[in-house]
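Commentary on secondary and tertiary structure
Listed below, chain by chain, are the residues.
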Amino acid sequence: MFQTSLSSEALRGALSRLRGGRSVFDPTGARQPVHTVYGGAHLFKADTARKLGAVALRAVEEHAPDFAAFARAIGLPGAEGLPEGRADALALAAAIEAGAGAAEGASGAARLAHAVHARVLDKLRREPVEDLRIDFEDGYGVRPGNEEDAHAAAAAREIALGMAARSLPPFLGIRIKPLGDGCAERSLRTLDVFFSALVAASGGALPPAFAVTLPKVVAPEQVAALADALDALEGALRLPAGSIRIELMVETPASILGPRGEIALPGLVEAARGRCAAAHFGAYDYTASCEITAAHQHLAHPACDFARHVMQVALAGSGLWLSDGASNLLPVGPHRARPGGAPLTPQQSEENRRAVVGAWRLKYGQVRRALEGGYYQGWDLHPAELPVRYAATYAFFLEGVDAAAARLRSFVERAARATVAGTVFDDAATGQGLLGFFLRAIGAGAMTEGDAAERTGLTPDELRGRSFQAIVARRSA
C-alpha cells in the first residue's frame, strides 16, 4: 500500500472543477463527407446526384479513358512512368487485376494509380455525391419573390420524392441568403416556405442530418436569429426539437475576429445553441473583404491559410466539421458541339482536353494541400470536379497506408511506449493520430474496415472504439 497525502474531500474539490466544461469528442468516429456540392435551387431534382455522377463519368471517359491517362491528367505521383498507349494501359490494368503473379513487374505507382482509378469509377457509379447543398444564395441569385417562393416549394417536393425513391445523397441541406444587407426577411421566408412544403410533401419527415447553411456571417445575432427561426419552425411543424442543423460560412473578417480583436468563432457557435455542426470557409468573399484583388484570390493565398488555421484552433475539440472552399477554375472546355450541328474539330477537342486537365491538376493540388493541412472536406461546384476530389482523397490515404500501419502496429505491440520505427520517433501523443488516419480513411472510402483491421492488427471493435488509449489499456491488462 502506498502512502498518500490528499484526503478524498480534497480530491473531490479539485476534480469538481473539471466537470461542466465543453464536451470534447473525436469527430472521426462519425462519417464526415469529403465534399459539399453546391447547386442552384432552381436546378435541383430528386435525381440530381445521379445526373451529376453521369456527367462526371463522361468527363473521365472523354478526357482520361484508362487508369494511366487519368493518373497523368490529374498529376498522380509516378504517372509519368505509366504506359501512354491505351492498349498497353489496358493490358497492365488486366495484369494488376489478375493478381500478383500476372503483374509481377508492375510498379508501386502503377498499382496506386489503378487502385485510385477503380475506386473513383465505383464511387461515381454508386454514390457520386456525398453532401449536396441546394443553394438560394450565390448559385441562385436575386429573383422576384414569387419565383423564389415557387423554387423553395418545388425543391422541397423534389426532396420528398428523393426520400421515397432513396435517390438523395447521404447528406443534404440548403443554403439561404445572408441575414443582413436587406436579405433577412427574404431569407427567412424562403426557409419557412421550404420547410412547410417539405413537411407537407413528406408526411412530416426530414432527411437525416439536414443542414441550413448561413452565409456571410458577421455577428452572433445573425446566428441566433436563425436558431430562433428554426425553433419556431420545428414547433409549428411538429418536428423534433433541434433536428435541423446549422452550418456557418466563415467568409468575412468579422467571422474570424470580433470587434475587440477576440476570436469570433466560439461566440458564433454558441449563438447556434447546440445546432452548429460545421464551419465552411469561403475563400473568395473573405479575400475580397481583405482588399485582395481578383487575380490573387485563391485557396493558397496566405490570408486563406491564416483564416483556416484560426478556424482549426478556435474549434479544435468541438467536434464541428471544417470544410475548405472551392476552386476558382472549373474543368470546362471552351468549345461545345451544338445539338444537331457539326462535331468538334480535333483541334477543338484537344483544346477542351487541355482546359479540363489544367483545371483537374489545379484541383488535385488544392485538395491534396487541404488534406495535408487537416481539412478533410471541401466544396465542389461542377460535376467534372468529382473524379479529382475522390482521386486526391483516395491517393492521400493509400500512399501513406503502409507506413502508418507499420507505425501503429509497432506502437500497439509495445503497449504505447515510445518507439522508433525506422527513422521515425513515435510517442504516446502520436498514437491517436495514427488511429485517426485509418478512421478517416475508412470514412472517406479509401479502404474498408476489414482492410484497416488487417493492416494494423486491430480488431473491428477496437477501430470502432476510436480510442488509442483504450486499445493500449485493454492490451496491457
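Residues numbered from 1 in each chain as written. Predicted model: local features only at pLDDT ≥ 70, side-chain atom pairs only at ≥ 80, totals over all residues. Heavy atoms only, no water.

Moving on: the overall build of the chain. A tally of regular secondary structure across the chain gives 17 helices and 10 strands. Against the globule reference of 23 Å for 477 residues, the chain gives a C-alpha radius of gyration of 25 Å, in line with a compact fold. Along the first, second and third principal axes, the C-alpha atoms of the chain reach 90 × 65 × 50 Å. For the chain, with 477 residues in total, the buried portion stands at 48%. Of the contacts made within the chain by residues no fewer than 6 positions apart, 75% connect residues no fewer than 24 positions apart. Taking the 50 positively charged and 52 negatively charged side chains of the chain as two groups, their mean positions are separated by 3 Å. (Helix = DSSP H or I, 4+ residues; strand = E, 2+ residues; numbered from the N terminus. Rg over C-alpha atoms; globule rule 2.2 N^0.38 Å. Buried < 20%, exposed > 50% of the residue type's maximum accessible area, 1.4 Å probe, protein only. Contact = heavy atoms within 4.5 Å. Lys, Arg positive; Asp, Glu negative; His and termini not counted. Charge placed at Lys NZ, Arg CZ, Asp CG, Glu CD.)

Turning our attention to the pairing of strand E3 (residues 171-175). Across the 5 residues that make up E3, a large majority, 5, are buried. In E3, alternate side chains face the same way, and those of Phe 171, Gly 173 and Arg 175 on one face and Leu 172 and Ile 174 on the other are all buried. The pairing of strand E2 (residues 131-135) with E3 spans 5 bridges and is classified as parallel. Each residue of the ladder has a partner; that of Leu 132, found in E3, is Leu 172. As for the winding sense of the linkage, the β-α-β connection from E2 through helix H6 (residues 145-165) to E3 is right-handed. Here E3 runs beside strand E4 (residues 211-214); their pairing, made up of 3 bridges, is parallel. The residue bridging Arg 175 from the neighbouring strand is Thr 213, located in E4. For the handedness criterion, the β-α-β arrangement of E3, helix H7 (residues 184-202) and E4 is classed as right-handed. (Pairing = 2+ DSSP bridges. Right-handed = clockwise from strand over helix to strand, strands pointing away.)

Let us look at the nonpolar core. By size, the foremost hydrophobic cluster in this structure holds 135 residues, and its most contacted members are Leu 191, Phe 194, Phe 195 and Trp 360. With sequence-adjacent residues up to four places away left out, Phe 195 is seen in contact with Leu 206, Phe 210, Val 212, Leu 230, Leu 233, Leu 237 and Ile 244. (Core = buried A, V, L, I, M, F, W, Y, C linked by side-chain atoms within 4.5 Å.)

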